[in-house]
Amino acid sequence: MYQRIPTILLFTLFLFSCDKKNKYSELSVVPIIPQPAYVESGRGVFELTKNSIIYVDTATPEWLSVAEALAEKIRPSTGFAMNISVAQQPTLSGIRLTLVNEPELATEGYHLDITEKFVTVSANTAQGAFRAIQTIRQLLPTSIELTSRQDMSWKVPAGVIRDFPSYAYRGAMLDVARHFFSVNEVKRFIDLISLYKMNYLHLHLSDDQGWRIEIKSWPNLTLHGGKTEVGGGEGGYYSQEQYKEIIKYAQERYITIVPEIDMPGHINSALASYGELNGGTIVPKEGRLPIDANANKILDGKSKPTELYTGVEVGWSTLRLEKEATFRFVEDVIREISAITPGPYFHIGGDEAQVTKKEDYVQFINRFQQIVKANGKTMMGWEEIAQGEIGNNTIVQHWNLPKYAMMAVEKGSKLLMSPAKKAYLDMSYDSTSSFGLHWAAFIEVDSAYSWNPATYVDGISKENIIGIEAPLWSETISNMDEVEYLLFPRLPGYAEIGWSQETGRNWEEYKVRLGKHAPRFKAMNIDFYRSKLVPWTN
Ligand code: TNX
């Protein structure tokens, strides 16, 4: 029903806005990312002043904390008090957060009505109001993102925005296993993705190089298995308390954490910590990679711990699936993490299990699914799990081969779209990029933006897809500057593909909108890649 505004209409509105007598606001030309479903300029401007109040008409803790989040965003740069008041019929000027019941807005949608006196946010849920706040941030002058007080006026053009997401799942993944990232770094990552209305953060919590989450019944996983990372650095891990702190921080931003423990491959950090889990994995020495389907038989009966691994090869480790004791490990890990994870999903990895026997692999996936279910979660896994007897609840994450995507859909599963050639945040921009890999492709900003998850794999359509996720693997990056360089400016594009209606989406229009975000990136101290394809405004 609501469509994005055709350029011709925008142009007409612009002409109108030049006519003093008939002054339309500039709302429809503000470069908002992701592009809202519907924008219409009104007349005049709203101005935030030291007397502006944030009104809430629903005094629940959730709505009040959204109001507080808005106030906290606005206070530092404006220096205004931004008092919060519970009121049905406010009198003084300000920003109003109001609860409505409009089916079209569903859980995350919102309606914004901007007049000279009020900015009114209407939503069915506090979550919808939180998404609206991200739009309001982009409607205010760029300096709103600064953390020191600015002496200037804070105006928002009048009009109406009506907005809701195209896909239910819009996420990013952070690999904290190849290189460890601290709780504060993960919080910064959450802040960055929440600004673009993403709602899922997938944490890749274990891999050959490191185990990053405390498991109380298997303490050595972190005490030993968390000790290093790619390149030999000191690694690290989250205690369960720290993990809960991350979850809470994410929840306050309406982001659901999806924990991943990658099994049965990518598991060396566990094999190094508990020898009984090892069926014969041999850690590759430099330049030698024993990818051999029988590798896991070599030690038969004489399990011993592997060495810790700091390289970047993949596909050489496996859990010892023929031993029943291994499943006790799997159950303990899934139980402990599920118990402290409020979200619906548990991601079991399942990728690149190249030294796991095919029969073992298939059985493992089936068993895994039951364990995940018994712990109240829905299983998610990389595309290879489509080879198992997966149920129609299971979510299959497409990253490479269309045949697995088809297999998943034929089994009734839904897909999460993360094609490496388009959506991998760890791919370099081009051959001159300072960081990143390029085994799948070089992904310049235009290529990252120009694809459609609903048509990307032949034979798959939008009904088969829950959404899009952009994974950031960390083989080549170890601090936030490097993370941000790969994230920006591609992240806003992925967020737009997930959130905005696809009608009319085109790079030529988007690149101009994106270019206008440079001052915002700078205000937020984001180290972004200045792609030559984007007309940056400074
Ligand atoms: C493939 S994608 C992997 C990861 C690597 C990544 C590097 C996937 C499911 N597995 O183990 O980190 O490529 O781009």
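Everything below is about the structure printed above this text.
Bear in mind the structure is a predicted one, so any value in this text is a computation, not a measurement. (Residues numbered from 1 in each chain as written. Predicted model: local features only at pLDDT ≥ 70, side-chain atom pairs only at ≥ 80, totals over all residues. Heavy atoms only, no water.)

Enquirer: Teacher, can you tell me more about the overall build of the protein here?
Expert: Each helix and strand in the protein was counted, giving 16 helices and 17 strands. For the protein, whose C-alpha radius of gyration is 24 Å, the value lies close to the compact-globule estimate of 24 Å for 538 residues. With the C-alpha coordinates of the protein rotated into their principal frame, the extents come out at 85 × 45 × 40 Å. For the protein, the proportion of its 538 residues judged to be buried stands at 61%. When the accessible surface of the protein is summed, it comes to about 20800 Å², and 52% of that surface belongs to carbon and sulfur atoms. Taking the average place of the 55 positive charges on the side chains of the protein and the average place of its 64 negative ones, the gap between the two points comes to 4 Å. (Helix = DSSP H or I, 4+ residues; strand = E, 2+ residues; numbered from the N terminus. Rg over C-alpha atoms; globule rule 2.2 N^0.38 Å. Buried < 20%, exposed > 50% of the residue type's maximum accessible area, 1.4 Å probe, protein only. Areas by Shrake-Rupley, 256 points an atom, 1.4 Å probe, with all protein chains shown as cover. Lys, Arg positive; Asp, Glu negative; His and termini not counted. Charge placed at Lys NZ, Arg CZ, Asp CG, Glu CD.)

Enquirer: Even after reading the chapter, I still don't get the sheet that holds strand 15 (residues 395-398), so can you show me in this structure?
Expert: The 8 strands lie next to each other as 8-9-12-13-14-15-16-17, forming a closed barrel whose pairing is parallel. Taken over all neighbouring pairs, the strand axes of this sheet differ in orientation by 30 degrees on average, direction set aside. Along the sheet, helix 4 (residues 183-195) makes contact with strand 8 (169-175), strand 9 (200-204) and strand 17 (465-472), crossing strand 9 at roughly 150 degrees. Sheet contacts for helix 8 (residues 324-339): strand 12 (256-263) and strand 13 (345-349); angle to strand 12, the most-contacted strand, approximately 170 degrees. (Pairing = 2+ DSSP bridges. Axes fitted to C-alpha atoms, helices over the stretch in contact; angles between N-to-C directions. Contact = heavy atoms within 4.5 Å.)

Enquirer: Which parts of the structure should I look at to understand the nonpolar core?
Expert: Among the nonpolar cores identified, the biggest contains 114 residues, and Phe189, Leu201, Trp211, Leu319, Phe329 and Tyr494 are the most heavily contacted of them. At 7 residues, helix 4 tops the list of elements feeding residues into this core. Leaving out residues up to four positions away in the same chain, Tyr494 has contacts with Met198, Lys422, Ala423, Tyr424, Leu425, Ile443, Ala448, Trp451, Ile468 and Ala470. Val30, Leu48, Met82 and Ala126 belong to the second largest nonpolar core, which has 38 residues in total. (Core = buried A, V, L, I, M, F, W, Y, C linked by side-chain atoms within 4.5 Å.)

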